Amino acid sequence: MKIKQLVMVCLAATSLLASCKDSPDTPKPDETKPTSNNLYSVWVTASTGSYILTADNLMKDTLLTPNNNQGIDISAHLPAAFYGVYAYAYEGKYYLSNDGKRFSQFEVINSKSWKETDNYAFPSAFYLGKVLNEISAKDELVMTKTAGTFNATKNALEQPIYFMNVKDMTLNKTLTVDIPFLDYTPLTPDKTPYIAPYMVPTSFTVRGDKLFVGHKFRGSDGTGNKDILDSALVYVCDYPSMANGKLLKDPRGGIVAGHWEVNKTTFLDDNNDLYFLTKKIATATYGLLRIKAGQTEFDKDYFFDLKDYNVFKNTSSSTIQKLGNGKAYISPYVVDPANKKVVADLRILVGGGEPKTTMNFMENGKLYDAFKTDESRWFIYEYDPVNNSVKRGAEIDPGITHVYHLNKLK
């Protein structure tokens, strides 16, 4: 079913981020004329809602704020502020889940308004999961949803992979991978069965003719759901046939880190080696496992233990960014995974503070991320991996509570 809707939101916010109402004589923005050749966006939340802040230059010494109608209020399109983790920017537009079935395409118009340009209504529950960016092509977004369907006969989670034509929001095709479920009953440390164990896919990576699906299991011990089974689990099968599947298990680093939302915790390096971020449940410490190019087993001679580093501190939904030249950004650290080295701690380079985004981005070989300083001020920083140097850019309104996305839209 297709639903066509045009939505423009310009709501008045209150308190610190209060916006001034337009007077009757205020002209409406011209939605046909771009204001700049470049457009960057910053998705933030505050006590008053969620906002898109725009700029034509993130490195300009300026303040990005939702005050005085400078930010686009998108609160009406999201059931909760944290739903920024179920959104993705692609080819200049945003794609997001906003009511459990509806998958919407939104565009920022002239840096002033937010318009739903198209949508697709799934027949059953849908929230945007992982994006398979290594096989997404022009005008096609390849993605999963947060949770598949458990098939008791197969004892497997049937997880769909959707190939969405973003020109008209139709599905080009759908593939389904069957991820095997447990064939035994997991027990708590007290030797009692976990209540209602379930599976969470944490990563999807296509490399050549193989699909790698990292996943973990969760269950309740009576006090709430939590991660269980402290081993990395990766299902490998042929792609696109999904045949000849096998399950890999490695206990060295803990579970494959992440959850089912958009953030990406795996990456392919310049040699096409595939890395998985892992996390020990008890200690919340991280590491890297590797499957070398052309292989379908974990490299038994490789484990990069990051237990002495505060990886993803306060940003458990952050994404790993490939920097090139053998380096990757696992916030707040720049690492050389092949040589098991930490190259830089960006908190030191920026002079104190923590990275806070769910989504950062690369442009012209440089990384852009947002940090909250030790003085509780928010700034965007540019990191140059070649020179191992940073530059401070725009400040973000101190009244915000979170930065979900930094994106370049054009």
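What you are looking at is a predicted structure, and each value in this text was computed from that prediction instead of being measured. (Residues numbered from 1 in each chain as written. Predicted model: local features only at pLDDT ≥ 70, side-chain atom pairs only at ≥ 80, totals over all residues. Heavy atoms only, no water.)

(A) Here's a closer look at the overall build of the chain. A tally of regular secondary structure across the chain gives 1 helix and 32 strands. Relative to the compact-globule value of 22 Å for 410 residues, the chain shows a C-alpha radius of gyration of 22 Å, a close match. Across its three principal axes, the chain shows a C-alpha extent of roughly 70 × 50 × 45 Å. Looking at the chain as a whole, 56% of its 410 residues qualify as buried. Taking contacts inside the chain between residues at least 6 apart in sequence as the whole, the part at least 24 apart equals 53%. With the model as given, the accessible surface of the chain reaches about 17,700 Å², and the carbon-plus-sulfur share is 48%. Within the chain, the 46 negative side-chain charges are centred at a point lying 1 Å from the centre of the 47 positive side-chain charges. (Helix = DSSP H or I, 4+ residues; strand = E, 2+ residues; numbered from the N terminus. Rg over C-alpha atoms; globule rule 2.2 N^0.38 Å. Buried < 20%, exposed > 50% of the residue type's maximum accessible area, 1.4 Å probe, protein only. Contact = heavy atoms within 4.5 Å. Areas by Shrake-Rupley, 256 points an atom, 1.4 Å probe, with all protein chains shown as cover. Lys, Arg positive; Asp, Glu negative; His and termini not counted. Charge placed at Lys NZ, Arg CZ, Asp CG, Glu CD.)

(B) Quick peek at unusual backbone geometry. A cis amide bond, omega 15 degrees, links Tyr 239 with the succeeding residue Pro 240. Mapped onto the elements of the fold, Pro 240 is located in the loop between strand S16 (225-238) and strand S17 (246-250). With a phi close to 55 degrees, Ala 284 is a non-glycine residue in the positive phi region. Here Ala 284 falls in the partly exposed class, since its relative accessible area comes to 42%. Positive phi, close to 50 degrees, is recorded for Asn 388, a residue that is not glycine. Relative to the helices and strands, Asn 388 is located in the loop between strand S30 (378-384) and strand S31 (389-396). A residue is classified by how much of its surface remains accessible, and Asn 388, at 31% relative accessible area, is partly exposed.

(C) Seen up close, the packing of aromatic side chains. Considering all chains together, one arrives at 23 aromatic pairs under this definition. On the numbers, 5.1 Å between centres and 80 degrees between planes, the contact of Tyr 309 with Tyr 333 is edge-to-face. In this pair, Tyr 309 is assigned in the loop between strand S22 (304-305) and strand S23 (321-324) and Tyr 333 in strand S25 (residues 333-336), connecting sequence segments 24 residues apart. Between Phe 371 and Tyr 381 the ring centres are 5.7 Å apart and the planes differ by 80 degrees, which places this aromatic pair in the edge-to-face class. Note that Phe 371 is positioned in strand S29 (residues 366-372) and Tyr 381 in strand S30, a separation of 10 residues in sequence. A residue is classified by how much of its surface remains accessible, and Phe 371, at 1% relative accessible area, is buried. By relative accessible area, which is 7% here, Tyr 381 ends up buried. Taken together, the ring pairs connect Tyr 95, Phe 103, Tyr 120, Phe 122, Phe 126 and Tyr 162 into an aromatic cluster. (Phe/Tyr/Trp six-rings, centres within 6.5 Å; stacked < 30°, edge-to-face > 60°.)

(D) Just the sheet that holds strand S15 (residues 210-220), in detail. Ordered by their spatial adjacency, 4 strands build an open sheet running S14-S15-S16-S17, and the pairing between neighbours is antiparallel. Of all strands in the sheet, those with a lone pairing partner are strand S14 (195-207) and S17, marking the two edges. Each adjacent strand pair in this sheet contributes to an overall mean axis angle of 30 degrees, direction not counted. In this structure, S14 lies alongside S15, joined through 10 bridges in antiparallel fashion. Across the sheet, the residue bridging to Val 206 is Leu 211, located in S15. (Pairing = 2+ DSSP bridges. Axes fitted to C-alpha atoms, helices over the stretch in contact; angles between N-to-C directions.)

(E) The layout of surface pockets, seen in detail. By volume, the largest pocket amounts to about 670 Å³. Forming the walls of the largest pocket are 34 residues, and the residues nearest its centre are Tyr 88, Asn 133, Gln 321, Met 359 and Asn 360. Here the element with the most residues in the lining of the largest pocket is S14; it accounts for 4 residues. For the lining of the largest pocket, the residue count by class is 13 nonpolar, 12 polar and 9 charged. (1 Å grid on protein atoms, 1.4 Å probe; cavity = no way out; pocket = protein on both sides within 12 Å on 5 of 7 lines; lining within 4 Å. Points joined across faces, edges and corners; volume = space filled by probe spheres on them. Nonpolar A, V, L, I, M, F, W, Y, C, P; charged D, E, K, R; others polar.)

Read these as spatial facts, not as claims about activity.
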